[in-house]
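Coordinates in review
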Amino acid sequence: MTDFAAKLARAAQAVDQEMDRLLPKGQELEHRLFDAMRYGVLGGGKRLRPFLVIAGGEIFDLDMTECLRVGAAVEFVHAYSLVHDDLPCMDDDDLRRGQPTVHVQFDQATAVLAGDALLTLAFEILADRETSPDPEVRMDLVAGLARAAGGHGMVGGQMLDLWAETNTLDEAGTARMQRLKTGAMIAFAGEAGGILARARPQQRQALRLFAHDLGLAFQITDDLLDVEGSSEQVGKATGKDAAAGKATIVAKLGIEGARNRATLLSRQAAAHLDHFGKKANSLRALCDFVLNRNN
Ligand code: IPE
Ligand code: IPE
Ligand code: MG
Ligand code: MG
Ligand code: MG
């Protein structure tokens, strides 16, 4: 295991512990909902977005507790987006992270509700004093995550992704759809350390731009894995995008073209970090990780 892979694994473990602590676990009558939330979140996942929060926080020597809480909140929104993305009315997938998807393991209504509850839990965490003693920081986090996740961010992108199954999106439109559905949430995760640290606007902007380009590269490598990867390796069904008529950069530029685009975006992402010197080494390593990932 490389040093970076070990670091990623340690961060993922810490995030998993924090998420376990923050998730509801009562035995009330509604415990089926809590079970589905836990199932949708724990047990797999690269935890890329929480890692971005933590590695961004390293630049400013931030307290780990605050980064873990924000990382958990972002991951809850991400997990909700996957639970809903897998529903029969969306991508209709049975396998996620090597396990049956939430609606298969439970049922569709429970999957919808588990997603809803994960989304709202994220904002409850960000609004809590334990996340930051500074109310302005908490407001910036809440507003930032809301913008990234909502109609002008992830949810808007998901709408376009579905629309493009039966309509045509050109290359620019496809890139815009990916910017919304994937780039916005990753950009927020990258900037979050800067928000917590009350960093200067130029520093926050550099982090946001870095993570934004990284997010675009990340969605292109997701699309490449759908074409080139096996289901055992990636933990979800593959070969589905072309069959569903999804708009992807691979469909527009071919495999080699898409790989070149991802490489360019990943280098461009790293260039936004020049400003931060050695303190951004973990974020730099993430640029290579995203390009070379196999799940
Ligand atoms: C999958 O995200 C959906 C995309 C936005 C590409 P990840 O590849 O981060 O999924 P997990 O969390 O590691 O399972
Ligand atoms: C999903 O993109 C992006 C989300 C916002 C959930 P995909 O539909 O390509 O993600 P996978 O391949 O199912 O993980
Ligand atoms: Mg989808
Ligand atoms: Mg999907
Ligand atoms: Mg995909």
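The model shown is predicted, which means the values in this text are computed figures rather than measured ones.

What counts and how
Residues numbered from 1 in each chain as written. Chains lettered and ligands numbered in written order. Predicted model: local features only at pLDDT ≥ 70, side-chain atom pairs only at ≥ 80, totals over all residues. Heavy atoms only, no water. Helix = DSSP H or I, 4+ residues; strand = E, 2+ residues; numbered from the N terminus. Rg over C-alpha atoms; globule rule 2.2 N^0.38 Å. Buried < 20%, exposed > 50% of the residue type's maximum accessible area, 1.4 Å probe, protein only. Areas by Shrake-Rupley, 256 points an atom, 1.4 Å probe, with all protein chains shown as cover. Lys, Arg positive; Asp, Glu negative; His and termini not counted. Charge placed at Lys NZ, Arg CZ, Asp CG, Glu CD. Polar contact = N/O pair within 3.5 Å; in protein donor to acceptor, adjacent residues only side chain to side chain. Contact = heavy atoms within 4.5 Å. Near = heavy atom within 4 Å. Donors = N, O, S within 2.8 Å, 3.2 Å for Na, K, Ca; no water. Phe/Tyr/Trp six-rings, centres within 6.5 Å; stacked < 30°, edge-to-face > 60°. Nonpolar A, V, L, I, M, F, W, Y, C, P; charged D, E, K, R; others polar. Salt bridge = Lys/Arg side-chain N within 4 Å of Asp/Glu carboxyl O. Axes fitted to C-alpha atoms, helices over the stretch in contact; angles between N-to-C directions. Parallel < 35°, antiparallel > 145°, perpendicular 65-115°, else oblique. Left-handed = near helix turned anticlockwise from the far one by under 90°. Core = buried A, V, L, I, M, F, W, Y, C linked by side-chain atoms within 4.5 Å.

1. Thoughts on the overall build of the chain
- For the chain, the count of helices and strands is 14 helices and two strands.
- By the compact-globule yardstick of 19 Å for 295 residues, the chain fits well, its C-alpha radius of gyration being 18 Å.
- The principal-axis extent of the C-alpha atoms belonging to the chain is close to 50 × 50 × 40 Å.
- For the chain, the proportion of its 295 residues judged to be buried stands at 52%.
- Here the chain has roughly 13,300 Å² of accessible surface; of this, 53% comes from carbon and sulfur atoms.
- A distance of 5 Å separates the average location of the 33 positive side-chain charges in the chain from that of its 41 negative side-chain charges.

2. Regarding the side chain of Asp86
- The residue Asp86 is located in the loop between helix H4 (64-85) and strand E1 (95-96) in this model.
- Among the residues examined, Asp86 registers a relative accessible area of 3% and is labelled buried.
- Here Arg96 takes part through its side chain, which lies 2.8 Å from a polar atom of the side chain of Asp86.
- Filtering out sequence-adjacent residues up to four positions away, Asp86 remains in contact with Asp92, Asp93, Arg96, Thr101 and His103.

3. A look at helix H2 (residues 31-41)
- What H2 keeps buried is the set Phe34, Ala36, Met37, Arg38, Gly40 and Val41.
- Looking at the buried side of H2, the elements it contacts are helix H1 (3-22), H4, helix H5 (102-105) and helix H6 (108-127).

4. Observations regarding the site of ligand 2
- In the vicinity of ligand 2, the contacting residues are Ser81, Leu82, Asp85, Asp91, Arg96, Met154, Gln158, Lys181, Gln219, Asp222 and Lys236.
- Note that an oxygen atom of ligand 2 is positioned 3.3 Å from one of the side-chain N or O atoms of Lys181.
- The fraction of the free accessible surface of ligand 2 (390 Å²) that becomes covered by protein chains is 88%.
- Mapped by element, the contributors of at least two residues to the shell around ligand 2 are H4, helix H8 (154-166) and helix H10 (201-228).

5. Quick look at the coordination of the magnesium ion (ligand 4)
- Protein coordination at the magnesium ion (ligand 4) comes from Asp85 (OD) and Asp91 (OD), with a distance range of 2.1 Å.
- Between the magnesium ion (ligand 4) and the magnesium ion (ligand 3), both coordinated by Asp85, there is a metal-metal distance of 3.1 Å.
- Its relative accessible area of 11% is what places Asp85 among the buried residues.

6. So, the packing of aromatic side chains
- A complete count under the given rule lists four aromatic pairs for this structure.
- A centroid spacing of 5.5 Å and a plane angle of 90° characterise the contact between Phe4 and Phe51, whose relative ring orientation is edge-to-face. Of this pair, Phe4 sits in helix H1 while Phe51 sits in helix H3 (residues 48-59), and the two are 47 residues apart along the sequence.
- Measuring from ring centre to ring centre gives 6.4 Å for Phe60 and Phe276, while their planes differ by 80°; the resulting arrangement is edge-to-face. You can see Phe60 sitting in the loop between H3 and H4 and its partner Phe276 sitting in the loop between helix H13 (249-271) and helix H14 (281-292), a full 216 residues away along the chain. Take Phe60 and Phe276: they sit in the same class, and that class is buried.
- Put simply, the rings of Phe4, Phe51 and Phe289 pair up and form one aromatic cluster.

7. Things to note about the site of ligand 1
- Lining the immediate surroundings of ligand 1 are Gly45, Lys46, Arg49, His78, Leu82, Arg97, Thr182, Phe218, Gln219, Asp222, Lys236 and Arg293.
- Contact between ligand 1 and His78: an oxygen atom at 2.8 Å from a side-chain N or O atom of the residue.
- Taking Arg97, its side chain carries an N or O atom lying 2.8 Å from an oxygen atom of ligand 1.
- Notes on ligand 1: free accessible area 390 Å², of which the protein chains cover 89%.
- With three residues, H10 is the largest single contributor of residues to the shell around ligand 1.
- In terms of residue class, the shell around ligand 1 is built from two nonpolar, four polar and six charged.

8. A closer look at the pattern of salt bridges
- The final tally for this structure, using the stated rule, is 24 salt bridges.
- Across the pair Arg21 and Glu18 runs a salt bridge whose closest N-O atoms are separated by 3.0 Å. Residue Arg21 and its partner Glu18 are both found in helix H1; the two are separated by three residues, about one turn of the helix.
- One salt bridge in this structure joins Asp107 and Arg32, with 2.7 Å as the shortest N-O distance.

9. Thoughts on the packing of H3 against H4
- Contact pair H3 / H4: the axes reach a minimum separation of 8 Å and the direction vectors enclose 155°. Between H3 and H4, the angle is such that the two are roughly antiparallel. Crossing angle aside, the handedness with which H3 passes H4 is right-handed. In this structure, H3 uses Arg49, Pro50, Val53, Ile54 and Gly57 to contact H4, whose residues at the interface are Met64, Cys67, Leu68, Val70, Gly71, Val74, Glu75 and His78.

10. Side note on the nonpolar core
- Ranked by internal contacts, the top residues of the largest apolar core, which has 81 residues, are Phe76, Leu141 and Phe210.
- Broken down by element, the residue count for this core peaks at 11 residues, all from H4.
- Contacts of Leu141, omitting those with residues within four sequence positions, involve Val70, Leu126, Thr131, Phe188, Ala192, Ile195 and Leu196.

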